[in-house]
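# Reading the structure
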Amino acid sequence: MIDPADILSSSLSEHLFSAKRELIPDIDDYYELELAFYENQLLDDQSLIQNSAYFSRVGDQVTRHFQMCAGESLRLPAHSSSRLKSFFEKNIFRTGYATHGLFPYRGKFHPQMIKGIMNVMGLKPGDTVLDPMMGSGTVAVEASLMGINSFGFDSSPFCRFMSQAKLNALTMSLDRVRKAVDNIDEVFEYFKNHGRPISGRKSAKRPPLHYDNIIMEEPSEYLTGNQKLIKNFDQETAETYSFLLLAYLDAAGYSERSTRKSPIEQFRAILQRYVFVAEKIQTFLQKDDMILGQSQVSQGDARALSIGNASIDGVLFSPPYSFAIDYLDNDAFHLNYLGTDIAKLKESMVGLRGTSLREKFSLYHEDMQRVLAECSRVLKPGKFCTIIVGTNRNQIAKIQNKSPHEVEGLDEMLVRMGQEVGLSLIKIIQRSIVGMSNTMRREQIIFLQKA
Ligand SMILES: C[S@@+](CC[C@H](N)C(=O)[O-])C[C@H]1O[C@@H](n2cnc3c(N)ncnc32)[C@H](O)[C@@H]1O
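Here's what I pulled together on the structure shown here.

The rules we used
- Starting from 1, residues in each chain are numbered consecutively following that chain's sequence as written.
- At least 70 in pLDDT is required for a residue's local features to be given in this predicted model, at least 80 for side-chain atom pairs to be given and counted, and no such filter applies to totals for whole chains, interfaces and linings, which use all residues.
- Only DSSP runs of H or I reaching four residues or more are called helices, and only runs of E reaching two or more are called strands; each is numbered from the N terminus.
- Backbone-placed C-beta atoms define the burial measure: a residue is buried with 20 or more other C-beta atoms within 10 Å of its own, exposed with 12 or fewer, and partly exposed in between.
- Two residues form a contact once the distance between their C-beta atoms, set from the backbone, is within 7 Å.
- Here an axis means a line fitted to C-alpha atoms, over the contact stretch when the element is a helix, while the angle between two N-to-C directions is reported on a 0 to 180 degree scale.
- Angles below 35 degrees are treated as roughly parallel, those above 145 as roughly antiparallel, those between 65 and 115 as roughly perpendicular, and all remaining angles as oblique.
- Working rule for handedness: look at the near helix, and if it is turned counterclockwise from the far one by less than a right angle, call the crossing left-handed; if clockwise, right-handed.
- All residues other than Ala, Val, Leu, Ile, Met, Phe, Trp, Tyr, Cys, Pro, Asp, Glu, Lys and Arg, Gly among them, are scored as polar; the first ten of these are nonpolar and the last four charged.
- Pairing between strands is defined by DSSP: at least two bridges between them are needed.

## Looking at the overall build of the chain
- On a plain count of helices and strands, the chain comes out with 20 helices and 10 strands.
- Sorting the 451 residues of the chain into buried and exposed places 42% on the buried side.
- In the chain, 69% of the contacts between residues at least 6 apart in sequence involve partners at least 24 apart.

Next comes the structure, spelled out in structure tokens:
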């Protein structure tokens, strides 16, 4: 007869992991335990200390992930609601670390999960990972922190800009940014007058500004305090400028949606938060002896990648969920500010091409076939292509005039397309999505392997 007390007094993690390996606090989703289980199987003690996403300790050594995240995740103002405070506390190991929090991009990956997935894909320091639809650059930032090199592409110039700014913030000098905080009114006025923010109408068109030439010249005037235009900008000027501009766009975007704070107040709060976040990770990295991975982030089309055949050790990405999020509409303010021709950009955006829903879906299908063929082409044999995707059968059923159980979900569609180009299904991990506003309840982490 088994005594329930004997069973209850033992812990699940003791059964799953060796006694000296301790899980990160706050693991409460099944998929997290699953990824932790695979990390435990695949990583030796040293690799676990260096790069594990889900363990806090191996024997008496604290893992890098734990050290990177521990401490105050964000300096919230004293009057912040307890709801906000508990949100940040809860997500300290999941999202609230390094430079991941610098811009609230919709559809962004969970960085801790990305770390776990890269481990499960067998990626090691010195390897190269590709995210062909990088969005805000979560894979690039996370890979860099793990010593893994990366290539990132996105058709949106705003995504390239944002990803680069987040990568820079890991190492750039913050001296001039701190000076800008002291001169916040002047900096705010500068950006207000130099960009092309459009108030009121979200997607009004502006003539292109040739961002690389114009926007990068003007800041040097401000940042160097020199009225003469400087033609060759040093890296520090460019990095400082990008950091400030990202904070400005973040603040101005908020101000378009909410009037709770004045735009300048919003900018001040966001810039201070950015500086805090960058200082925190830089302090950690200066004491750490791991060499950061090299990242190259570019504007580019996932359907035709400028990357050689069989040259990549892993592909990891999340495609637009068919038409769940209109990324261009969401980013219209920022794209306009950068002088992007949105109508032209739309022609290369997966999920946005076409007019009727039916046509959009058929073009999405065609585009994703090309994306998967590219992923397979650039991967080395035996390596993994991992796709994170949610599906909404009701939406697809409506478009196809069928009932939800008759249609192929996006997850099934991608698995089938992968198989057609030599990527075979190894594993699907399910992850639930919380929050009322999401149209999807689940997302799938699909592990495909190149033959
Ligand atoms: C789900 S989001 C990726 C979010 C990203 N994983 C992150 O952590 O921020 C999908 C991205 O695909 C990009 N995209 C759409 N069409 C593309 C194309 N043809 N080539 C490259 N990127 C594209 C969108 O701009 C969007 O940023």
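## Observations regarding unusual backbone geometry
- If you check the backbone angles, Ala98 has positive phi at about 50° while not being a glycine.
- A positive phi angle, close to 55°, is found at Asn401, a residue other than glycine.
- Among the secondary structure elements, Asn401 is positioned in the loop between α19 (393-400) and α20 (410-420).

## Some remarks on the packing of helix α10 (residues 175-182) against helix α13 (residues 235-257)
- For the pair α10 and α13, the least separation of the axes is 9 Å and the interaxial angle reads 45°. One element, α10, and the other, α13, form an angle in the oblique class. As for how α10 packs across α13, the hand of that crossing is right-handed. Contacts from Arg176, Val177 and Ala180 in α10 reach Glu236, Thr240, Phe243 and Leu244 in α13.
- Residues belonging to the contact of α10 with α13 are distributed by class as follows: four nonpolar, one polar and two charged.

## Some points on the sheet that holds strand β7 (residues 312-317)
- Pairing within the open sheet is mixed, and its seven strands lie in the order β6-β5-β4-β7-β8-β10-β9. Unpaired on one side and paired on the other, β6 (295-299) and β9 (423-432) mark the two borders of the sheet. Averaged over neighbouring strand pairs, the angle between their axes works out to 15° when direction is ignored.
- The pairing of strand β4 (residues 128-131) with strand β5 (residues 149-154) spans four bridges and is parallel.

## Focus: the packing of helix α8 (residues 138-145) against helix α9 (residues 157-168)
- Put simply, α8 and α9 touch, their axes get as near as 9 Å, and they point 20° apart. Classified by the angle their axes make, α8 and α9 are roughly parallel. For α8 against α9, the interelement crossing comes out right-handed. Only Ser163, Lys166 and Leu167 of α9 make contact with α8, whose side of the interface consists of Ala140, Val141 and Ser144.
- Of the residues in the contact of α8 with α9, the class split is three nonpolar, two polar and one charged.

## Structural notes on the environment of Glu359
- Relative to the helices and strands, Glu359 is located in helix α18 (residues 357-378).
- Take Glu359: there are 12 C-beta atoms within 10 Å of it, and that puts it in the exposed class.
- Along the chain, Glu359 and Ile399 lie 40 residues apart, while their C-alpha atoms are 9.5 Å from each other.

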